[in-house]
Amino acid sequence: MRIGYPCINLSLECRGTRTFRLRSYSAQRLKATLASNLACLQETIEWNIRHNLLFFRISSDLVPFASHPVCRFPWQRVFQHEFRIIGDRIKNAGMRI
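In short, a report on the structure. This structure is a prediction, so every number in the text was calculated from the model and none was measured.

Here we look at the state of the cysteines
Point 1. What the rule picks out here adds up to one disulfide.
Point 2. A sulfur-sulfur separation of 2.1 Å characterises the disulfide bridge that pairs C14 with C40. Taking the sign of the S-S torsion, 75° for the link of C14 and C40, the bridge is right-handed. A residue pair is termed long-range when its members are at least 10 positions apart, and C14 in the loop between β1 (4-6) and α1 (27-50) and C40 in helix α1 qualify at 26 residues.

As for the packing of α1 against helix α3 (residues 80-93)
Axis angle and axis distance: for two packed helices, these are the angle between their axes and the distance between the axes, and together they describe the pair.
Point 1. Between α1 and α3, whose axes approach to 10 Å, the crossing angle comes to 10°. Relative to α3, the element α1 lies roughly parallel. With respect to the hand of their crossing, α1 and α3 are arranged in left-handed fashion. The residues of α3 that touch α1, namely those facing L38, L41, Q42, I45, E46 and I49, are E82, F83, I85, I86, R89, I90 and A93.

Cut-offs and rules
Residues numbered from 1 in each chain as written. Predicted model: local features only at pLDDT ≥ 70, side-chain atom pairs only at ≥ 80, totals over all residues. Heavy atoms only, no water. Disulfide = S-S within 2.5 Å. Helix = DSSP H or I, 4+ residues; strand = E, 2+ residues; numbered from the N terminus. Axes fitted to C-alpha atoms, helices over the stretch in contact; angles between N-to-C directions. Parallel < 35°, antiparallel > 145°, perpendicular 65-115°, else oblique. Left-handed = near helix turned anticlockwise from the far one by under 90°. Contact = heavy atoms within 4.5 Å.

Next comes the structure, spelled out in structure tokens:
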């Protein structure tokens with residue numbers, strides 16, 4: 001049986017759900033927030049693997065305003081490498097996301 005938890009690991013100091021208000025949106029702010037969220041997600045995935053927690057729900061706050069019309073920053077391309085590393089690690093560990 002695979003056990004897990006949703007979104008937030010309270011054992012780690014980082015939180016991969018940082019966001020900000022729409023009125024303070026900028027491409028630079030999105031880029032910095034997403035970089036931080038992805039670093040935390042990677043840390044969380046590694047922690048989960050070490051603790052044999054192979055079922056995990058990634059927060060929809062990972063990419064703030066990803067589906068909002070204001071978001072024109074090409075985050076998929078800019079962070080492609082990071083997403084690939086995280087995705088490969090998830091697949092290799094046999095995690096369910």
